[in-house]
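# A structural walkthrough
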Amino acid sequence: MPPEAGTPFAELADLTRRLEATTKRLEKRRLIAEFLRRIPRDEVAPAVLIAIGRIFPEADQKALNVGWATLEKALGPTRQARLDARPLTILDVQRAFEGVAAASGSESVRARLRLLQSLLGQASREEKEVLLKSIFGEMRIGVNEGVMLEAIADAAGVSPEAVRTAHMFLGDLGRVAEVALSDGAAGLAAQSLRLLSPVKPMMAELGDDLDEVLKEHGGTTALEFKFDGARIQIHRRGDEVRVFSRRLTDVTESVPEVVEFARTVPAESFLLEGEVVAVDGLGRPRPFQELMRRFRRVHEIEALRREIPLKLYLFDLLYLEGRSLMSAPYRERWAALERLVPREVLAKRLVTSSRERSRRS
DNA sequence: CGCGGCTGCGCC
DNA sequence: GTTCAGG
DNA sequence: CCTGAACGCGCAGCCGCG
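## Re the pattern of salt bridges
Applying the stated criterion across every chain yields a total of 31 salt bridges. As a salt-bridge pair, aspartate 92 and arginine 86 come within 3.4 Å of each other at their nearest N and O atoms. A relative accessible area of 38% places arginine 86 in the partly exposed class. Through salt bridges with shared partners, a single ionic network connects Glu257, Glu260, Arg294, Glu302 and Arg305.

Given below as structure tokens:
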């Protein structure tokens, strides 16, 4: 028997074609689950990511730095079909992407181009199409995190809930799939909050009116102002502080005042959630785009810090001194937060029951 | 060597 | 983040 | 009822030109 060369990328391409061909959710799940079960374990993660149009996991700060213009050049004047008889494999593709992402500094544009040309040069027409869609993050095959998550559960014979929870902590569906298939429910259950690594945030849901919300929450609910800012999570362990955006990007360097604040919090380790807002000299809120000028900045942070100060509002505490509060009731987390930080950083807030909707708490 | 342009990317 | 269409 | 898809703007970094 010849040495195992790995699953041809063409098979993954074929899977995406079949996923696109059906609109049935259950059918998609079945197709993906079968595929994941059948391929070698080390191909599971890249296959999952590529199928949902991601090159790298969300919690991974790597990026391809490739878009339309570069791809167009890489596709170039129709390159000749590959001479090599060996088919492109899933792992080949993963390695190529890693190489592209690793390119930086001068000549990096050319390096990326070369790698892409080589990759696309080895790809058949169908494979090219999948590669392009994956690079743009737009697979359009009706499979996104949701369906993939359920498919992973199917493949591993575990509950979608278990997969979802592990995903929250890992921020990497590929890795989640790997764990699920290798170690099943126990492996997933072993995943927990890792301080200094980003956690997938819980999202707010829209309600039509307050009465509906109250009903949903059993008569009492908590209200917060909604700021036109950016949601962040603040991790601290000892002297180390990391700040992540909603999409799990590390923005620590851009928000020194948040880091400074975190160091003043009287605890050794914690995970806070909040919103940063751009303000003017008088502390009045500025438009969102002003905030953006701060957010992705790497140079002259100190200068801009004076021009556009940030104001921090906290609304949740997920971890404190070695203990995860994620399964604790909101009421309890809020109480712990109130004890931990000064009142000024708490988003002014109304705890409301029934008709007392305008009374401040 | 500096500056403007192009390209990619991330937030609401 | 919000809205919309489609299953 | 749910999920997937669509929508725009400013900054950073490299490239290329003068």
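## Some thoughts on the packing of aromatic side chains
Pairs of aromatic rings are described using the distance from one ring centre to the other and the angle between the two planes. Applying the stated rule across the entire model yields 3 aromatic pairs. The interplanar angle of 25 degrees and the centroid separation of 6.5 Å between the aromatic rings of tyrosine 330 and tryptophan 334 together place this pair among those described as stacked. Highlighted residues: tyrosine 330 and tryptophan 334, both in helix α15 (residues 330–340), separated by 4 residues, approximately one helical turn. For tyrosine 330, a relative accessible area of 27% gives the class partly exposed. Judged by its relative accessible area of 8%, tryptophan 334 is buried.

## Some thoughts on the domain arrangement of chain A
As far as domains go, chain A holds domain 1 (3–185) and domain 2 (210–360). Centre-to-centre, using C-alpha coordinates, domain 1 lies 35 Å away from domain 2. Contacts between domain 1 and domain 2 engage 6 residues on the former and 5 residues on the latter. Of the roughly 370 Å² buried where domain 1 meets domain 2, counting both sides, 65% is carbon and sulfur surface. Considering only the surface of domain 1 that becomes buried against domain 2, Glu58, Gln61 and Phe169 emerge as the three largest contributors, covering 76% of it. At the surface where domain 1 touches domain 2, the tally comes to 0 salt bridges. In this structure, the connection of domain 1 to domain 2 is made through 2 residue pairs in polar contact (both at pLDDT 80 or more). Looking at the side of domain 1 that touches domain 2 residue by residue, the classes come out as 3 nonpolar, 2 polar and 1 charged.

## A closer look at the packing of helix α6 (residues 108–121) against helix α7 (residues 125–136)
One can describe the packing of α6 onto α7 by two numbers: an axis separation of 10 Å at closest approach and a directional angle of 140 degrees. With respect to each other, α6 and α7 are oriented oblique. Along the contact surface, α6 presents Leu116, Leu119 and Leu120, while α7 presents Lys128, Leu131, Leu132 and Ile135. Per-class residue counts for the contact of α6 with α7 are 6 nonpolar, no polar and 1 charged.

## Section: the protein's contact with DNA strand B
Neighbouring DNA strand B are 18 residues; Asn65, Gly67, Thr70, Gly229 and Ser245 lie closest to it. Of what DNA strand B places within 4 Å of the protein, 87% of the atoms are sugar or phosphate. Interatomic distance of 2.3 Å between a backbone N/O atom of glycine 67 and a phosphate oxygen of DNA strand B. Measuring from a phosphate oxygen of DNA strand B, one finds a backbone N or O atom of alanine 69 at 3.5 Å. Sorting the residues of the surface near DNA strand B by element identifies α4 (68–75), β2 (230–237) and α13 (288–295) as the ones contributing at least two each. Looking at side-chain class alone, the surface near DNA strand B contains 7 nonpolar, 6 polar and 5 charged residues.

## Looking at the nonpolar core
Counting residues in hydrophobic clusters, the biggest one holds 59 residues, and the most contacted among them are Phe9, Leu36, Phe97, Met148 and Ile152. For phenylalanine 9, the residues in contact, after removing those within four places along its chain, are Ile50, Leu88, Thr89, Ile90, Val93, Glu127, Val130 and Leu131. With 34 residues, the next largest nonpolar core counts Val258, Leu310, Trp334 and Leu340 among its residues.

## Regarding the protein's contact with DNA strand C
Around DNA strand C lies a shell formed by Thr23, Leu206, Lys226 and Arg246. Arginine 246 is positioned such that a nitrogen or oxygen atom in its side chain is 2.8 Å from a phosphate oxygen of DNA strand C. Considering only residue class, the surface near DNA strand C consists of 1 nonpolar, 1 polar and 2 charged.

## Some words on the packing of helix α8 (residues 145–156) against helix α10 (residues 173–189)
Contact geometry of α8 with α10 gives a least axis separation of 9 Å together with a crossing angle of 15 degrees. As summarised for this structure, α8 and α10 are arranged roughly parallel, according to the angle between their axes. The two elements α8 and α10 meet at a crossing, and its hand is right-handed. Contact residues: Glu145, Met148, Ile152, Ala155 and Ala156 in α8; Leu173, Ala177, Ala180 and Leu181 in α10. Taken together, the residues that form the contact of α8 with α10 break down as 8 nonpolar, no polar and 1 charged.

## Considering the pairing of β2
With 7 of 8 residues buried, β2 lies mostly within the body of the structure. Taken together, the 8 bridges between β2 and strand β4 (residues 269–278) define a ladder with antiparallel strand orientation. For glutamine 233, the partnering residue across the bridge sits in β4 and is glutamate 273. In the sheet, β2 pairs with strand β3 (residues 240–245) via 6 bridges, with the strands oriented antiparallel. By the bridge assignment, glutamine 233 is partnered in β3 with phenylalanine 244. The antiparallel hairpin formed by β2 and β3 contains 2 residues in its connecting segment, where glycine 238 sits at a positive phi of about 60 degrees.

Definitions and cut-offs
Residues numbered from 1 in each chain as written. Chains lettered and ligands numbered in written order. Predicted model: local features only at pLDDT ≥ 70, side-chain atom pairs only at ≥ 80, totals over all residues. Heavy atoms only, no water. Salt bridge = Lys/Arg side-chain N within 4 Å of Asp/Glu carboxyl O. Buried < 20%, exposed > 50% of the residue type's maximum accessible area, 1.4 Å probe, protein only. Phe/Tyr/Trp six-rings, centres within 6.5 Å; stacked < 30°, edge-to-face > 60°. Helix = DSSP H or I, 4+ residues; strand = E, 2+ residues; numbered from the N terminus. Domains from an automatic or database assignment. Contact = heavy atoms within 4.5 Å. Buried area = accessible area lost by both parts, 1.4 Å probe. Polar contact = N/O pair within 3.5 Å; in protein donor to acceptor, adjacent residues only side chain to side chain. Nonpolar A, V, L, I, M, F, W, Y, C, P; charged D, E, K, R; others polar. Axes fitted to C-alpha atoms, helices over the stretch in contact; angles between N-to-C directions. Parallel < 35°, antiparallel > 145°, perpendicular 65-115°, else oblique. Near = heavy atom within 4 Å. Core = buried A, V, L, I, M, F, W, Y, C linked by side-chain atoms within 4.5 Å. Left-handed = near helix turned anticlockwise from the far one by under 90°. Pairing = 2+ DSSP bridges.

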